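Residues per chain, in single letters:
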Amino acid sequence: MGRALAGALLAAGHPVTVWNRTPGREADLPARGARVAATAAEAVADAPLVLLCVRDRAAARTVLDDAGQALRDRTVVNATSITPEDARADAAEAGARGHRLLSAAILTPTPTIGRPEGTILLSGDAGTFAEHRPTLRALGTVRHVGADQGRAAAFDAALLDLFWTTVHGLVHALALARTEGISGAELAPYAQGLPQLLPAVIEDFARRADERRHPGDRSSVASAAAGLTHVAHTARARGLDTTVLDAALAVTRRAVDHGHGADGVSTLVELFAH
């Protein structure tokens, strides 16, 4: 991702200095015009805007420590995946270190960077974002989501929650189908129909969550519990791991036990939130 970010800036005509914790990982960036720095401090010495994209928060803090006083009066865009709480703590540390901070969440994969479909959310001071927006636009579609430094990371966590539970559902479905002699190729055309239903479901559930109204006019928690029970029983009978299914079924049954069986499935938002 770091190479993709640097490449997009170079393609837009910006002067770029790169540094990597592992020397030699710059690939073709020098040939495309990037200057390679020997240290983190050297990399940021002449840069009004610093992009940081590493594996995790511990690595990010090490890089910031290594850059030290060279970061003073710079703006750092931290595109490392971290928690909302860590983003807020990092903002407080940035003030003590003497640099400004924008927290970034990159929502799309590397091939989209530098293209309109590349989506990056940033949070932090609106004026700092506005100052650097002309440069940041080279990375794709950039949006400021609020002054709270943790908001970009919160969007990231919520969307990854959706992504990984969806991916789990897919691989579990493929495993279940295999136990019944159904190949992935046979299942795929029918599975493709499910994502087509999601846009309307997402809009509907999002509205219900905001309004805190969950009518069971189309589907109910009780019917969801019945369906999950059937699926979990089938998977368990075939010896599959049903840990995630069992957890989903337990939450759904708890909602029924609390008197919400006739409500819409979106009412689980309220149960999770409390």
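Residues numbered from 1 in each chain as written. Predicted model: local features only at pLDDT ≥ 70, side-chain atom pairs only at ≥ 80, totals over all residues. Heavy atoms only, no water.

(A) Fine view of the side chain of histidine 214. Tracing the sequence through the fold places histidine 214 in the loop between α8 (193-211) and α9 (221-237). A distance of 3.4 Å separates the side chain of histidine 214 from the backbone nitrogen of threonine 267, its partner in a polar contact. Excluding its chain neighbours within four sequence positions, the residues that come into contact with histidine 214 are Arg208, Ala209, Asp263, Gly264, Ser266, Thr267 and Glu270. (Helix = DSSP H or I, 4+ residues; strand = E, 2+ residues; numbered from the N terminus. Polar contact = N/O pair within 3.5 Å; in protein donor to acceptor, adjacent residues only side chain to side chain. Contact = heavy atoms within 4.5 Å.)

(B) Focus on the nonpolar core. Formed by 24 residues in total, the largest nonpolar core has its most connected members in Val77, Ile120, Leu122, Leu136 and Leu139. Those elements giving two or more residues to this core turn out to be α1 (2-11), β5 (100-106), β6 (119-124) and α5 (126-136). Counting residues per element, this core draws most heavily on α1, which supplies six residues. When near neighbours in sequence (up to four residues on either side) are disregarded, leucine 136 contacts Leu49, Val77, Leu122, Phe129 and Val142. Counting residues in hydrophobic clusters, the runner-up holds 15 residues, among them Val50, Val54, Leu71 and Leu101. (Core = buried A, V, L, I, M, F, W, Y, C linked by side-chain atoms within 4.5 Å. Buried < 20%, exposed > 50% of the residue type's maximum accessible area, 1.4 Å probe, protein only.)

(C) Molecular detail of the packing of α9 against helix α10 (residues 243-260). Interhelical geometry of α9 versus α10 gives an angle of 150 degrees and a closest axis separation of 9 Å. Looking at the two axes, α9 sits roughly antiparallel to α10. Between α9 and α10 lies a crossing whose hand is left-handed. In this structure, α9 uses Val221, Ala222, Ala224, Ala225, Leu228, Thr229, Val231, Ala232, Ala235 and Arg236 to contact α10, whose residues at the interface are Leu245, Asp246, Ala248, Leu249, Thr252, Arg253, Ala255, Val256 and His260. In terms of residue class, the contact of α9 with α10 is built from 13 nonpolar, three polar and three charged. (Axes fitted to C-alpha atoms, helices over the stretch in contact; angles between N-to-C directions. Parallel < 35°, antiparallel > 145°, perpendicular 65-115°, else oblique. Left-handed = near helix turned anticlockwise from the far one by under 90°. Nonpolar A, V, L, I, M, F, W, Y, C, P; charged D, E, K, R; others polar.)

(D) α1, seen in detail. Burial runs high along α1: seven of the 10 residues are buried. Residues of α1 that are buried: Ala4, Leu5, Ala6, Gly7, Ala8, Leu9 and Leu10. Those residues of α1 hidden inside the fold are in contact with β1 (17-18), β3 (49-52), β5, β6 and α5.

(E) Examining the pattern of salt bridges more closely. With the rule as written, the count across this model stands at 16 salt bridges. Arginine 61 is paired through a salt bridge with glutamate 93; the nearest N and O atoms lie 2.9 Å apart. Of this pair, arginine 61 sits in helix α3 (residues 57-67) while glutamate 93 is found in helix α4 (residues 84-97), placing the two residues 32 residues apart along the sequence. The partly exposed category is assigned to arginine 61, whose relative accessible area is 29%. The partly exposed category is assigned to glutamate 93, whose relative accessible area is 27%. Each of Arg57, Arg61, Asp65, Asp86, Asp90, Glu93 and Arg97 takes part in a single network of salt bridges with overlapping partners. (Salt bridge = Lys/Arg side-chain N within 4 Å of Asp/Glu carboxyl O.)

Taken by themselves, the reported measurements are silent on function.
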